[in-house]
Amino acid sequence: EVGQRVLCAHPDTHTAIKPVEGRTVIVLGLAYDTALRVVASDPSSAPGSASADAVIAWVRGLSGVYAVIADTADRGVLVLAAPGGIMGVYTDGQIVASTPALWPVLGENADRSASVAPPYPLSETNDWFTGDATHRAGVLSLFANLLLDTTTGSAERYWPAAEPPNIESRDAIECIADEFREAVQVVTAAHPCLLSITGGRDSRVYAAACKGGEGRAFTIVRGSAGARDAEIAQQICQTVGLDHELLIAGPVPEWLDRLYDGVTEGMVPPPRRRILAACARLASPDAVHINGNLGGLSKAFYWAGGTPAAVSAGDLVRDFVGVRAEAEQGVRRWLNTTTAVPPRTVCNLMYLEQRGSRWMGPGEPASSQVYQSFTPFAT
């Protein structure tokens with residue numbers, strides 16, 4: 001029980017339950033406390049009080065792949081989505097769940113066939129839903145960095161509410177590198193970790209952060225195009241002192257594909273499932289997969305050129321084909337939550353909160369059939 005609500009969770013889910021002034025605060029998933037430099041499941045990591053402000057202040061200092069559910073003293077039960085929103089939070093105003101696939105189970109007299117209404121067909125090109133839309137009519141995804149007030153049904157942004165202060169480039173790099181390294185080292189010390197390494201820059205960053213630590217490093221090879229990637233990954237692992245193994249992606253069994261789709265409920269198109277059989281060979285209820293999700297945040301992915309002076313929904317959906325009007329409509333809903341921050345930050349948040357949450361997010365909960373997920377790029 002969490003206040004007037006009841007939380008149901010799978011037994012393999014990483015869950016940290018924290019009593020605070022007679023109330024309950026729960027972290028679902030893997031989080032790192034950037035202030036105390038411990039995993040959030042550590043007893044020392046907790047809000048200073050049961051007030052909503054204290055809970056929000058504490059959550060602002062967490063990173064990783066998680067959601068927080070808190071029975072606050074002044075606002076009742078709040079659900080807070082993390083940076084990147086990779087652990088999904090979906091609601092119809094009554095039920096709150098990790099995936100829309102739970103509605104036929106949780107909803108009374110739910111009619112699955114009558115309530116499926118995707119905003120547009122997913123394809124290899126248009127492979128995610130913008131805004132907060134899902135396949136299921138009336139069920140919305142909570143935007144990353146927003147909190148849901150389960151008493152009123154309202155949602156509000158809790159981070160960032162304003163432009164952060166300027167930091168000198170060298171100071172910023174050193175600060176980020178230190179925090180990144182510490183997050184990876186703390187998580188690998190607390191959990192048996194799987195480290196997916198490719199030849200890309202994202203992998204080089206977190207592989208460097210793993211230096212001196214432990215973990216099972218691997219690369220999944222799919223077709224001839226992955227051979228060079230695997231060769232570079234092996235060199236990276238040798239440099240940082242990690243043992244490395246290659247996993248060949250083979251045909252995906254129908255039962256495994258069905259299980260995956262049972263969690264994602266059609267929000268992940270087929271091409272992204274081609275490595276499922278290889279991932280299944282890593283299966284462990286205790287393992288944590290450290291990955292490069294959100295790594296593109298540092299590449300100015302949505303910057304049109306130079307420092308953007310303004311930004312529109314049309315600027316942010318240029319990679320959509322044939323459904324741009326529908327994609328723009330979703331982005332405009334999200335843009336309404338960013339009015340307090342300038343265009344440059346909006347472009348960065350677009351990658352973190354939309355591409356991260358809406359493209360990466362639906363697939364990551366399904367990976368919990370194999371392992372739990374943690375990305376240090378959400379630090």
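Residues numbered from 1 in each chain as written. Predicted model: local features only at pLDDT ≥ 70, side-chain atom pairs only at ≥ 80, totals over all residues. Heavy atoms only, no water.

Novice: Hey, could you run me through the side chain of arginine 358 in this one?
Specialist: Turning to its location among the elements, arginine 358 is positioned in helix H10 (residues 343–360). With no salt bridge to any partner, buried arginine 358 finds its closest opposite charge in aspartate 132, at an N-O distance of 6.0 Å. Among the polar contacts made by the side chain of arginine 358, one reaches the main-chain carbonyl oxygen of alanine 133 at a distance of 2.8 Å. (Helix = DSSP H or I, 4+ residues; strand = E, 2+ residues; numbered from the N terminus. Buried < 20%, exposed > 50% of the residue type's maximum accessible area, 1.4 Å probe, protein only. Lys, Arg positive; Asp, Glu negative; His and termini not counted. Salt bridge = Lys/Arg side-chain N within 4 Å of Asp/Glu carboxyl O. Polar contact = N/O pair within 3.5 Å; in protein donor to acceptor, adjacent residues only side chain to side chain.)

Novice: Would you take a moment to explain the sheet that holds strand E13 (residues 244–248) for this structure?
Specialist: The strands that make up a sheet pair up through hydrogen bonds in the backbone, lying either parallel or antiparallel. If you trace the five strands from one edge of the open sheet to the other, you get E13-E12-E11-E14-E15, paired in parallel fashion. Strands with a single pairing partner mark the edges of an open sheet, and in this sheet they are E13 and strand E15 (372–374). Each strand axis lies, on average, 35° off the axis of its neighbour in the sheet, ignoring direction. Two elements, strand E14 (residues 288–290) and E15, share three bridges in a ladder whose sense is parallel. Looking across to E15, one finds that valine 288 is bridged to glutamine 372. (Pairing = 2+ DSSP bridges. Axes fitted to C-alpha atoms, helices over the stretch in contact; angles between N-to-C directions.)

Novice: Is there a simple way to think about helix H7 (residues 254–264) in this case?
Specialist: Side chains three or four residues apart in an α-helix point the same way, a direct result of the helix having 3.6 residues per turn. Looking at H7, one finds that the buried residues are Leu256, Tyr260 and Thr264. The buried residues of H7 all sit within an arc of 70° when viewed along its axis, so they share a single face. Directly after H7, the chain includes glutamate 265, whose backbone phi takes a positive value near 45°. (Arc of directions from axis to C-beta.)

Novice: Before we go on, may I ask you to explain the sheet that holds strand E7 (residues 96–97) in this structure?
Specialist: In spatial order, the strands read E7-E6-E8; together these three strands make up an open sheet with antiparallel pairing. Each edge of the open sheet carries a strand with a single partner, namely E7 and strand E8 (140–141). In terms of strand pairing, strand E6 (residues 90–91) meets E8 through two bridges, oriented antiparallel. From the neighbouring strand, tyrosine 90 faces E8, where its bridge partner is serine 141.

Novice: Where do I start with the side chain of aspartate 33 in this structure?
Specialist: Note that aspartate 33 resides in strand E2 (residues 23–33). A distance of 3.0 Å separates a polar atom in the side chain of aspartate 33 from the backbone nitrogen of alanine 35. Polar side-chain contacts of aspartate 33 include one of 3.1 Å to the backbone nitrogen of leucine 36. If sequence neighbours within four positions are ignored, aspartate 33 has contacts with Val38, Ala40, Ser45, Trp58, Gly61 and Leu62. (Contact = heavy atoms within 4.5 Å.)

Novice: Before we go on, may I ask you to explain the packing of aromatic side chains in this structure?
Specialist: Aromatic rings considered in pairs are described by the distance between their centres and by the relative angle of their planes. Across all of its chains, the model carries seven aromatic pairs by this definition. Relative to tyrosine 351, the ring of phenylalanine 301 lies with its centre 5.1 Å away and its plane at 55°, an arrangement referred to as tilted. Residue phenylalanine 301 is located in the loop between E14 and helix H9 (324–335), and its partner tyrosine 351 is located in helix H10; the two are separated by 50 residues in the primary sequence. With a relative accessible area of 9%, tyrosine 351 lands in the buried category. Of the aromatic side chains, those joined through ring pairs into one cluster are Tyr120, Trp128, Phe129 and Phe320. Here the guanidinium or amino end of arginine 272 rests over the ring plane of tryptophan 359, the centre of that ring lying 4.6 Å away. Over the ring of tryptophan 359 we find arginine 355; its NZ or CZ atom is 4.9 Å from the centre of that ring. (Phe/Tyr/Trp six-rings, centres within 6.5 Å; stacked < 30°, edge-to-face > 60°. Lys NZ or Arg CZ within 6 Å of the ring centre and 35° of its normal.)

Novice: Sorry if this is basic, but what is going on with the layout of surface pockets here?
Specialist: Left-over empty space is what a probe sized like a water molecule reveals as it rolls over the atoms. Put simply, the largest pocket is a space of about 2,000 Å³. Ala172, Ile176, Leu297, Asn348 and Thr379 are, among the 46 residues lining the largest pocket, the residues nearest its centre. For the lining of the largest pocket, the secondary structure elements donating two or more residues are strand E4 (62–72), helix H4 (169–190), helix H5 (201–209) and H10. A per-element tally of the lining of the largest pocket places H4 first, with nine residues. Within the lining of the largest pocket, the residues separate by chemical class into 28 nonpolar, 10 polar and eight charged. (1 Å grid on protein atoms, 1.4 Å probe; cavity = no way out; pocket = protein on both sides within 12 Å on 5 of 7 lines; lining within 4 Å. Points joined across faces, edges and corners; volume = space filled by probe spheres on them. Nonpolar A, V, L, I, M, F, W, Y, C, P; charged D, E, K, R; others polar.)

Novice: Sorry if this is basic, but what is going on with the confidence of the model for the protein chain here?
Specialist: Low pLDDT means the predicted atomic positions in that stretch should not be read closely. Model confidence for the protein chain is summarised by a mean pLDDT of 89, while 98% of its residues fall at 70 or above. When mean pLDDT is compared element by element in the protein chain, strand E5 (residues 76–81) scores highest at 98, while helix H3 (residues 112–115) scores lowest at 59. (pLDDT = per-residue confidence, 0-100.)

Novice: Is there a simple way to explain the pattern of salt bridges in this structure?
Specialist: Side-chain pairs of opposite charge can arise where the charged atoms are in close proximity. Counting across every chain of the model gives 16 salt bridges. Here aspartate 257 ties to arginine 273 by a salt bridge, and the two come within 3.3 Å at their closest N and O atoms. In this pair, aspartate 257 is assigned in helix H7 and arginine 273 in the loop between H7 and helix H8 (276–280), connecting sequence segments 16 residues apart. With a relative accessible area of 9%, arginine 273 lands in the buried category. Put simply, arginine 355 and aspartate 319 hold a salt bridge, and the shortest N to O gap is 3.7 Å. With arginine 355 in helix H10 and aspartate 319 in the loop between E14 and H9, the pair connects residues that are 36 residues apart, well separated along the chain. Several salt bridges converge on common partners, so that one network encompasses Arg75, Asp149 and Glu156.

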